[in-house]
Amino acid sequence: MSAARSLTLREISGFFFPLLLSVQLMSVSQAIINAALARQKDIVTSLAAFAVAMVVHLFLASPSYQNHTVTIALVRGRRSLRGVLFYVLLVAAYVSVMLNLVAHTVVGDLVLGDVLGVSGAVARGARSALALLAFLPFFTGLRGLFQGLVIQARRTALVSFATGVRIGALLLFLLMGSRWFDGPALGAFGLLACIVVETLLMGFFAYRCHLPPSDVEEKSAREIFRFGLPLACSSGLQQTIPLVISAVISRFPDGPLALASFGVIRSLTMLLGGPMRNRQQAYLTLVKSAKDYGTLVVFFRRISGVLALLMLLIAFPANRLILGDLIGLDESMRAYIALPLAACALYPALYGLSNLMRGYFAGAHRTSLLGRATLYKLVYLLACWALLALVPLPVSGIAAAIFFLLSCEAIEGGYLRWRRGRQPAGVPLPV
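The text that follows walks through the structure, step by step, so that each part is easy to find. (Residues numbered from 1 in each chain as written. Predicted model: local features only at pLDDT ≥ 70, side-chain atom pairs only at ≥ 80, totals over all residues. Heavy atoms only, no water.)

A count of helices and strands for the chain gives 18 helices and zero strands. Relative to the 2.2 N^0.38 estimate, which gives 22 Å for 431 residues, the radius of gyration of the chain is 21 Å and therefore close to what a compact globule would have. The C-alpha extent of the chain, read off along each of the three principal axes, is 60 × 40 × 40 Å. Within the chain, the fraction of its 431 residues that count as buried is 59%. When the 37 basic and 17 acidic side-chain charges of the chain are each reduced to a single mean position, those positions are 8 Å apart. (Helix = DSSP H or I, 4+ residues; strand = E, 2+ residues; numbered from the N terminus. Rg over C-alpha atoms; globule rule 2.2 N^0.38 Å. Buried < 20%, exposed > 50% of the residue type's maximum accessible area, 1.4 Å probe, protein only. Lys, Arg positive; Asp, Glu negative; His and termini not counted. Charge placed at Lys NZ, Arg CZ, Asp CG, Glu CD.)

Here it is as structure tokens:
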């Protein structure tokens, strides 16, 4: 790669911080929903059911979560835009069918009862939420397409603005929805309604943005599917990880409490670690030379350090303020999750490494390797599950969940970094 002018930290900041704000606001929406559910009659069941519903939804809907990456990498004009739109809608239809099967048929009994092993009350609550979330894939799919177009035009502040509007809409819809829904169904209604608003706004912004000029040949629909499907499979396998973790910890003696706590911690890791997934978009959009790559690595090292410090602050000094006063957890539950949450200070760096490497291989159009990396960490997790079945350990369910979460990210990031080291010289390795 070559460029007339090198990338600067200021340019990265201007591109990244609006996206960081967007991810933070998206994660705040999960925390807001948790806070609403924590004020329901049966707190543990409501939180556990919504956490299970979100794990299932994220797993089934994950193929559409790479739409912005597909758009950034491939859309260069009207022809490729039509091809990506067809891809987005086809994937969304598939996801919606799968969610409806879990919500309304015996498939749900198999997934929630036999695979995840959750109790009857939790399963019923999860199915009520999934029935509403089955409408979501079309809106999240189109949102990803619109976001990709706006990010490619380097108008990332518009993404943050739309997400901010989403937060305001969520508060309004949770208040309105309490007339018709309660428990996990209320959370699902609020999430669906606010994302509809965000998608419509992003569509308007995408229509007003103009793609940068490009002399790259546009891809056909077949080439788009050849690029996108491995990413979709990789994304699906990624979301298998929290699904399997939930299945493992639901069988611990403290299963319901562990599931509810894992949902809370996952929302906080998404809030503080989620911005690191933007390393993938930053690489694809900004890096044009080896020096650009080095500047990007320095920038993200600093960001991951700040996010780790914030995680530690929430776990201990601000435990009562954030987990108690804002989210509404009682003292025993706050004590239960404090140490596992502190361990998640490692998550931003591990997750950031994985996404930086994913950006490299997506840019090289070697998306099949990403699915292989995710498959390896899934095999590792299944092996751990089998060992625990043979030799149960005297640890809490949430401690096991966080260990699995962190070790899986370390395996994926380490494997991709090793494979990057075997590529021809051109871009320096992260250290």
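On to the packing of aromatic side chains. Following the criterion strictly, the structure yields 15 aromatic pairs and no others. Summarising the aromatic geometry, the rings of Tyr360 and Phe361 are spaced 5.0 Å apart at their centres and angled 80° between planes, so their arrangement reads as edge-to-face. Exposure class is identical for Tyr360 and Phe361. Each is buried. Taking the centre distance of 6.0 Å and the plane angle of 45° together, the rings of Tyr415 and Trp418 count as tilted. Of this pair, Tyr415 and Trp418 are both found in helix α18 (residues 397-421), three residues apart, which corresponds to roughly one turn of the helix. Here the aromatic cluster, defined as three or more aromatic residues joined through ring pairs, consists of Phe173, Trp180, Phe181 and Phe189. The cationic tip of Arg420 hangs over the ring face of Tyr360; the distance from NZ or CZ to the ring centre is 4.3 Å. (Phe/Tyr/Trp six-rings, centres within 6.5 Å; stacked < 30°, edge-to-face > 60°. Lys NZ or Arg CZ within 6 Å of the ring centre and 35° of its normal.)

Before going further, it helps to spend a moment on helix α17 (residues 368-390). Helix length check: α17, at 23 residues, gives a terminal C-alpha distance of 34 Å against a target of 33 Å (1.5 Å per residue), a fit within 8%. Inspection of α17 places Leu369, Leu370, Gly371, Ala373, Thr374, Lys377, Leu378, Leu381, Cys384 and Leu388 among the buried residues, and these make up the whole buried set. Buried residues in α17 make contact with α10 (221-249), α16 (347-363) and α18. (Expected span 1.5 Å × (residues − 1). Contact = heavy atoms within 4.5 Å.)

Take the packing of α10 against α17 next. Contact geometry of α10 with α17 gives a least axis separation of 8 Å together with a crossing angle of 15°. Relative to α17, the element α10 is oriented roughly parallel. Here α10 runs over α17; the crossing is left-handed. Every residue of α17 that contacts α10 at Pro230, Leu231, Ser234, Leu237, Gln238, Thr240, Ile241, Val244, Ile245, Ala247 and Val248 is listed here: Ser368, Leu370, Gly371, Thr374, Leu375, Lys377, Leu378, Leu381, Leu382, Trp385 and Leu388. A per-class count over the contact of α10 with α17 returns 15 nonpolar, six polar and one charged. (Axes fitted to C-alpha atoms, helices over the stretch in contact; angles between N-to-C directions. Parallel < 35°, antiparallel > 145°, perpendicular 65-115°, else oblique. Left-handed = near helix turned anticlockwise from the far one by under 90°. Nonpolar A, V, L, I, M, F, W, Y, C, P; charged D, E, K, R; others polar.)

The subject of this paragraph is a nonpolar patch on the surface. Together, Leu387, Leu390, Val391, Leu393 and Val395 make up a nonpolar patch on the protein surface, roughly 510 Å² of accessible area in all. Its place among the elements puts Val395 in the loop between α17 and α18. Owing to a relative accessible area of 40%, Val395 belongs among the partly exposed residues under this scheme. (Patch = residues over 30% accessible without salt bridge, like charges linked within 9 Å, V, L, I, M, F, W, Y side chains within 5 Å. Areas by Shrake-Rupley, 256 points an atom, 1.4 Å probe, with all protein chains shown as cover. Salt bridge = Lys/Arg side-chain N within 4 Å of Asp/Glu carboxyl O.)

Bear in mind that shape data such as this cannot, by itself, settle questions of function.
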